[in-house]
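Chain residues, written in single-letter form:
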Amino acid sequence: MCEICKSEGKDYRFVNGAKDLLTTQQLYKVYKNSVAPVRLCYIHSIELFMIGETRFLREHLSFARALATRSKKLSAVADSPFGF
């Protein structure tokens with residue numbers, strides 16, 4: 001499922017019509033010294049390409065908040081010597 005559609009409560013199959021394609025895109029300006037892999041539907045991957053990463057995150061604030069909480073969970077795991 002598209003992470004943007006999921007955060008906005010939309011059905012990605014309805015938004016994309018016949019193009020039921022999911023791709024994994026990389027966001028480079030989200031985390032320091034690493035990339036954030038994101039699964040996007042056809043429409044949102046085109047939108048990311050057209051408007052750029054910074055504006056894309058501003059347009060989809062609910063997704064940006066979810067991505068920020070995901071980064072906190074990942075950093076907590078990375079700080080733990082046991083991996084959990």
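Here we summarise the structure given alongside this text.

Rules behind the numbers
- Residues numbered from 1 in each chain as written.
- Predicted model: local features only at pLDDT ≥ 70, side-chain atom pairs only at ≥ 80, totals over all residues.
- Heavy atoms only, no water.
- Salt bridge = Lys/Arg side-chain N within 4 Å of Asp/Glu carboxyl O.
- Buried < 20%, exposed > 50% of the residue type's maximum accessible area, 1.4 Å probe, protein only.
- Helix = DSSP H or I, 4+ residues; strand = E, 2+ residues; numbered from the N terminus.
- Polar contact = N/O pair within 3.5 Å; in protein donor to acceptor, adjacent residues only side chain to side chain.
- Contact = heavy atoms within 4.5 Å.
- Arc of directions from axis to C-beta.
- Core = buried A, V, L, I, M, F, W, Y, C linked by side-chain atoms within 4.5 Å.

### Remarks on the pattern of salt bridges
- According to the stated counting rule, one finds 2 salt bridges in the structure shown.
- The salt bridge partner of Glu8 is Lys10, with a shortest N-O separation of 3.3 Å.
- Using a relative accessible area of 28% as the deciding quantity, one classes Glu8 as partly exposed.

### A word on the side chain of Asn16
- Along the chain, Asn16 falls in helix H2 (residues 12-16).
- Look at Asn16 and you get buried, because its relative accessible area is 9%.
- A polar side-chain atom of Asn16 sits 2.7 Å from the main-chain carbonyl oxygen of Tyr12.
- Excluding its chain neighbours within four sequence positions, the residues that come into contact with Asn16 are Cys41, Tyr42 and Ile43.

### Regarding helix H3 (residues 42-51)
- Residues His44, Ser45 and Leu48 constitute the buried set of H3. Seen from one end, H3 has its buried residues packed into an arc of 105°, which puts them on one side. Among the exposed residues of H3, those pointing more than 90 degrees away from its buried face are Phe49 and Met50.
- Tucked into the core, H3 has its buried residues touching helix H1 (3-8), strand E1 (22-31), strand E2 (34-41) and helix H4 (53-59).
- Positive backbone phi, approximately 90°, marks Gly52, located one or two places after H3.

### Structural notes on the nonpolar core
- Judged by nonpolar contacts, the single largest core of 15 residues is most densely connected at Cys2, Ile4, Leu27, Leu40 and Phe63.
- Secondary structure elements with two or more residues in this core: H1, E1, E2, H4 and helix H5 (61-79).
- The greatest single-element share of this core, amounting to 4 residues, is contributed by E2.
- Ignoring any residue separated from it by four or fewer positions in sequence, one finds Phe63 in contact with Glu3, Ile4, Ser7, Leu27, Val38 and Leu57.

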